[in-house]
Amino acid sequence: MNRSMPVFASLRLCGAILLLYIGAFAQTIPAPNEVIGFTPGDDKKLASWASIVEYFQKLDKASDRMTFQEIGKTTMGAPFVYATISSPENLKQVKRFQEINAKLADPRIIQKMRAKPDDVAKSLIKEGKTIVLITFGIHSTEVGSSLSSMLIAHRLASSNEPEIKTILDNTIILLVPSLNPDGVDIVKNWYDKTLGTPYEGTTPPELYHKYVGHDNNRDWYAFSQVETQLTVDKIHNVWHPQIVHDVHQQGSNGARLFIPPYMQPVEPNVPKQIVEGYTELGNAMAADLRSKGFQGITTNTTYDAWTPARAYSHYHGGVRILSETASARIASPITVAFERLGGASGGLDAKKESEKFGPLWKGGEWKLRDITHYMTGAAFSLLRHAADNRERWLSRFYEIGKEAVRPRNKGELSAFVLPFPSLENGKKTEEHYRREKLLSIMKRGGVETSTVSAFTAGGTRFPDNSVVIKIDQPYGLFAKALLEKQDYPHLTDAAGSPIQPYDVTAHSLSLLMDVSAVPVNEPLKLKTKASTGFGRGCGNGGQGEARFGIYRSAMGVMDEGWTRWVFEERNREICESAYRSVTDKDIRSGNISQHSILFPDQSAAQILNGYRKGSMPDDLTGGIGAEGVEKLKKFVEDGGTLVFMNNASDFAIDQFKLPVKDVTRGVPRKDFFIPGSILRTELDTTHPIAKGLPAESIAWFENSPVFEVQTDPLALANNFRIIAKYPSDPSKLLLSGWALGTEKIAGKAALVEFKIGKGKIVLFGFRPQYRAQSSATYPLLFNAMSK
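These figures come from a predicted structure and were not determined experimentally.

**Here's the deal with the overall build of the chain**
Helix and strand content of the chain: 23 helices and 33 strands. Computed over its C-alpha atoms, the radius of gyration of the chain comes to 28 Å, within 12% of the 28 Å expected for a compact globule of 787 residues. Overall, the C-alpha framework of the chain stretches about 115 × 70 × 55 Å when taken along its three principal axes. Counting the 787 residues in the chain, one finds 58% classified as buried. Long-range contacts, defined as pairs at least 24 residues apart, comprise 78% of the intrachain contacts of the chain with a sequence gap of at least 6. Surface exposure of the chain reaches about 31500 Å², of which carbon and sulfur atoms provide 50%. The chain carries 94 positive and 86 negative side-chain charges, and their two centres are separated by 3 Å.

**Quick look at the sheet that holds strand E2 (residues 79-85)**
Strand order across the open sheet formed by nine strands is E1-E2-E4-E3-E5-E10-E6-E8-E14, with mixed pairing between neighbours. Each edge of the open sheet carries a strand with a single partner, namely strand E1 (66-73) and strand E14 (357-358). When strand E8 (residues 297-298) meets E14, the two strands line up antiparallel, connected through two bridges. Note that in E14 the partner of threonine 298 across the bridge is phenylalanine 357. Helix H13 (residues 368-388) rests against strand E3 (130-136), strand E4 (171-176), strand E5 (243-250), strand E6 (257-258) and strand E10 (319-326) of the sheet, and its axis sits at about 165° to E5.

**Topic: helix H11 (residues 226-239)**
In a regular helix each residue adds 1.5 Å, so 14 residues correspond to 20 Å; H11 covers 19 Å between its end C-alpha atoms and thus fits that length. Taking the largest bend as the criterion, H11 deviates by roughly 35°, centred on valine 232. Buried within H11 are the following residues: Glu227, Thr228, Leu230, Thr231, Val232, Ile235, His236 and Trp239. Two residues or fewer past H11, histidine 240 is found with a positive phi of approximately 55°.

**Some details on the nonpolar core**
Side chains that are nonpolar tend, in soluble globular proteins, to be buried together. Ranked by size, the top nonpolar core spans 150 residues in total, and within it Phe56, Leu104 and Leu156 carry the most contacts. Considering every element that reaches this core, the biggest residue donor is H13, with 11 residues. When sequence neighbours within four positions are dropped, the list of residues in contact with leucine 104 reads Ile110, Ala121, Leu124, Ile125, Leu394, Phe397, Tyr398 and Gly401. Of all hydrophobic cores here, the second largest spans 41 residues; its members include Phe548, Leu598, Ile689 and Leu693.

**Notes on the environment of phenylalanine 455**
Its location among the elements puts phenylalanine 455 in strand E18 (residues 455-457). Along the backbone, phenylalanine 455 and valine 226 are 229 residues apart, and their C-alpha atoms lie at a distance of 38 Å.

**Overview of the pattern of salt bridges**
Taken as a whole, this structure holds 47 salt bridges when the rule is applied. We note a salt bridge from arginine 320 to aspartate 246, for which the minimum N-O separation is 2.9 Å. Residue arginine 320 is found in strand E10, and its partner aspartate 246 is found in strand E5; the two are separated by 74 residues along the sequence. The exposure class assigned to aspartate 246 is buried, which follows from its relative accessible area of 5%. Here the salt bridges do not stand alone but share partners, grouping Arg155, Glu161, Glu163, Asp288, Lys292 and Arg384 into one network.

**A few points about the packing of aromatic side chains**
Two numbers describe a pair of aromatic rings. These are the distance of the centres and the angle of the planes. The full count for this structure, using the stated rule, is 31 aromatic pairs. Residues phenylalanine 673 and tryptophan 738 carry aromatic rings whose centres are separated by 5.4 Å and whose planes lie at 85° to one another, so their mutual orientation is edge-to-face. Within this pair, whereas phenylalanine 673 is found in the loop between strand E26 (660-662) and strand E27 (675-683), its partner tryptophan 738 is found in the loop between strand E31 (734-736) and strand E32 (749-756), the two being separated by 65 residues in sequence. Across the pair, exposure class does not vary: phenylalanine 673 and tryptophan 738 are buried alike. Taken together, the ring pairs in this structure connect Phe258, Tyr262, Tyr278, Tyr303 and Tyr502 into an aromatic cluster. Over the ring of phenylalanine 380 we find arginine 155; its NZ or CZ atom is 4.3 Å from the centre of that ring. Residue placement shows arginine 396 over the ring face of tryptophan 393; its charged tip is 4.7 Å from the ring centre.

**Thoughts on the sheet that holds strand E21 (residues 518-520)**
Within the open sheet, the four strands sit side by side as E17-E20-E16-E21. Their pairing is antiparallel. The open sheet has two free edges, formed respectively by strand E17 (450-452) and E21, since each of these has just one partner strand. The mean inter-strand angle of the sheet, taken between neighbouring strand axes irrespective of direction, is 30°.

**A word on the side chain of asparagine 180**
For asparagine 180, the location among the structural elements is in the loop between E4 and helix H10 (181-194). Of the residues examined, asparagine 180 reaches a relative accessible area of 0% and is grouped as buried. Asparagine 180 has contacts with Gly137, Ile138, Ser140, Tyr208, His209 and Asn216, leaving out every residue within four places of it along the chain.

**Quick look at unusual backbone geometry**
Each neighbour pair has its own omega, and for proline 260 with proline 261 the value is 15°, a cis peptide bond. Mapping proline 261 onto the fold places it in the loop between E6 and strand E7 (263-266). Following glycine 358, the chain continues into proline 359 via a peptide bond in cis, with omega recorded as -10°. Relative to the assigned elements, proline 359 resides in the loop between E14 and strand E15 (364-366). A positive phi angle, near 55°, is found at isoleucine 330, a position not held by glycine. With respect to the element layout, isoleucine 330 can be found in the loop between E10 and strand E11 (334-336).

**Observations regarding the environment of glutamate 365**
Secondary-structure assignment places glutamate 365 in strand E15. We classify glutamate 365 as partly exposed; its relative accessible area is 49%.

**Details of the side chain of serine 313**
Summarising the element assignment, serine 313 is placed in the loop between strand E9 (304-305) and E10. We classify serine 313 as buried; its relative accessible area is 5%. Beyond its immediate sequence surroundings of up to four residues, serine 313 is in contact with His236, Val244, Gly318, Val319 and Arg320.

**As for the packing of helix H7 (residues 117-127) against helix H14 (residues 390-405)**
Close contact between H7 and H14 brings their axes to 9 Å; oriented N to C, the two are set at 145°. Note that H7 runs across H14; the crossing there is right-handed. Facing Pro117, Asp118, Ala121, Ile125, Lys126 and Glu127 of H7, the residues of H14 in contact are Arg390, Glu391, Leu394, Ser395, Tyr398 and Lys402. Per-class residue counts for the contact of H7 with H14 are five nonpolar, one polar and six charged.

**Focus on helix H16 (residues 476-483)**
In terms of burial, H16 is a largely internal element, seven of the eight residues being buried. Turning to H16, its buried residues are Gly476, Phe478, Ala479, Lys480, Ala481, Leu482 and Leu483. On its buried side, H16 packs onto strand E16 (415-418), helix H15 (430-444), strand E20 (466-470) and helix H17 (509-512).

**Structural notes on the pairing of E5**
Most of E5 is tucked away, with eight of its eight residues classed as buried. Burial along E5 is two-sided: Ile243, His245, Val247 and Gln249 and Val244, Asp246, His248 and Gln250, pointing in opposite directions, are all buried. Strand direction decides the pairing type here: E5 and E10, joined by eight bridges, are parallel. Residue valine 247 lies in a different strand from E10, and its bridge partner there is serine 323.

**A word on the pairing of E2**
Of all seven residues that make up E2, six are buried, and the element is covered over most of its length. Bridge count between E1 and E2: seven bridges; the pairing is antiparallel. In the strand pairing of E2, lysine 73 is matched with proline 79. As consecutive antiparallel partners, E1 and E2 are separated by five residues, and within that stretch glycine 77 has a phi angle of approximately 90°, a positive value. Here E2 runs beside E4; their pairing, made up of three bridges, is antiparallel. Bridge pairing in E4 places alanine 83 opposite leucine 175.

About the thresholds
- Residues numbered from 1 in each chain as written.
- Predicted model: local features only at pLDDT ≥ 70, side-chain atom pairs only at ≥ 80, totals over all residues.
- Heavy atoms only, no water.
- Helix = DSSP H or I, 4+ residues; strand = E, 2+ residues; numbered from the N terminus.
- Rg over C-alpha atoms; globule rule 2.2 N^0.38 Å.
- Buried < 20%, exposed > 50% of the residue type's maximum accessible area, 1.4 Å probe, protein only.
- Contact = heavy atoms within 4.5 Å.
- Areas by Shrake-Rupley, 256 points an atom, 1.4 Å probe, with all protein chains shown as cover.
- Lys, Arg positive; Asp, Glu negative; His and termini not counted.
- Charge placed at Lys NZ, Arg CZ, Asp CG, Glu CD.
- Pairing = 2+ DSSP bridges.
- Axes fitted to C-alpha atoms, helices over the stretch in contact; angles between N-to-C directions.
- Expected span 1.5 Å × (residues − 1).
- Bend = angle between axes of the 7 residues up to and from the residue.
- Core = buried A, V, L, I, M, F, W, Y, C linked by side-chain atoms within 4.5 Å.
- Salt bridge = Lys/Arg side-chain N within 4 Å of Asp/Glu carboxyl O.
- Phe/Tyr/Trp six-rings, centres within 6.5 Å; stacked < 30°, edge-to-face > 60°.
- Lys NZ or Arg CZ within 6 Å of the ring centre and 35° of its normal.
- Left-handed = near helix turned anticlockwise from the far one by under 90°.
- Nonpolar A, V, L, I, M, F, W, Y, C, P; charged D, E, K, R; others polar.

Below is the structure:
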């Protein structure tokens, strides 16, 4: 530098050089289009998973505001990844911020220190950062989500706007580009294949998750799928985020955007601070977005906060901010006429402004660019609030933890005890395995368990090796939600008809898995001991000749995927459940070599007719058809077994003219309504399907059929058996959830068998393998499929 240059001129030159340096830095940050070949949000353009990963890898190399890592492999072997985004200074101290959050999440750590706990907490809160987890793309047809992840990451990595600096300084953002990477390619491949054809914008004819499709967002307490496990183990439980922003799409003809607060009901184990948090943040986001010109925003409608199946964070100290943006036809634009706009639960009418909805969107063209605009706008609104209210978020997080670990008083629920089951001839039983599976779920959810010596509590003597789960621990309420029965509120509309819950009403794993969980309302002093596991595995899963078939419709049915998952898991354990998928074409051609075929839960019309002609390519239409029905009749008469689950039973009743009717058909909803609940059943344990099982069991009832024989049972001689029925006392049917009109099914059959020719047909009026959770009724299914 010239020493004679005036001081101010020197400063101006230095400033100019600095600005040029900053500008050059920004220019080195790749934009998404430079890697994936288009700008996310462009019409009719989707990115492959490999290109999305490549973009984040290049962003990571170019920016000191981000780290990017693979944390495992998906179901189909793709990389499962996430990015950590913050200021360079914060990223150098991530271990310290994880340590701060761990202490705030579990105040017992602070309470062990010599200083006053609240003073220590205040110091940690002053130092800490708001941890925000943003998850994209769990539902792969909601394509704007993963595309928006790149737009958000690019702005955070490249922008020098003051608000971005504030966000980076005050928050640490954990960004998961897709919770279902396999589905990114499944949807893209189908969309590209059908682009420019009459089938453009249709949903792929296969599940966009290999096993569970849309239900991958119902797995946040059972943890059955590897993607759920990776997210919980390596992100949630490591970082303990205060805010989880879950980015979704919804139908095309309602609101343009939903954000919380959620409509009622709220699951009673969700802490009040969580409700306060999502209400405050959701309302702030709605106000902010409306002030920026976004239209058609609804809050407090459509979606509830009832179940941990969708909201792991609500039981782990963090609010879940679900956003649901209106969809196009995958990546193809649509036009929505104003008069076609509809409503949703909670009082939404998308044609009328209200305190829950506005300002009015008047219809018109809706494109992928609109979707990404709403998604990115909502995300940055959330991040601004998280940054501006950093200490408030951390203080709320600490208060949740303090209440969670508070010692329980006498008379309050203090613990659940899982008694050690009796051995049979000195050997473990299926109950031991179910109990161990439940305990493994608790462990993954961060719940502390203690194996103890024999003790007495509440007048009950608990045997040696019983397990105690105390409530006064950070995630005690998560355990409580899964071990107690649910009492879903009786909610009706103005006409007295029950309001449809967003999903189901019960999540009692103790009942679904038939594991005794005894509540204790007194302080416990226990002697702990080493636990004894009962893991099993044959080491030869997936091998061997297929013993039976599972019907696989061309339509992609979630229950079929769950069924495959359950039998493959069984095969990994004991090597005796190998199957093959049986298609419509197989059945029509008579290509059925297995001794039995299982039909998962699917409507009778879909099984018979499949996709209608013209709605999908010809090779995917037609269903089983009349020809296939005749082949199935011959299969049974020649000695085969057909097993139908839940609504598939109606297909069998209709096509085989079985002398039984579904007593729930045609009953008005205001008179009978059981939307996903656990009911009590009584088993005929003399029948081979129920042999060795307890006389009382359960049924997962969700829009299920209930059977009544239409012929004198005596006239059927030995050709008909009721294997499971509901109690004759209506008050004894409901175990957990919500049931209206139980008197209409009291004493009726839930599981029946008909002998036809040399073969048989078995009808399950429930889902015995419900979402890989109802292991109490797995044996009924396995036995039904046995030769």
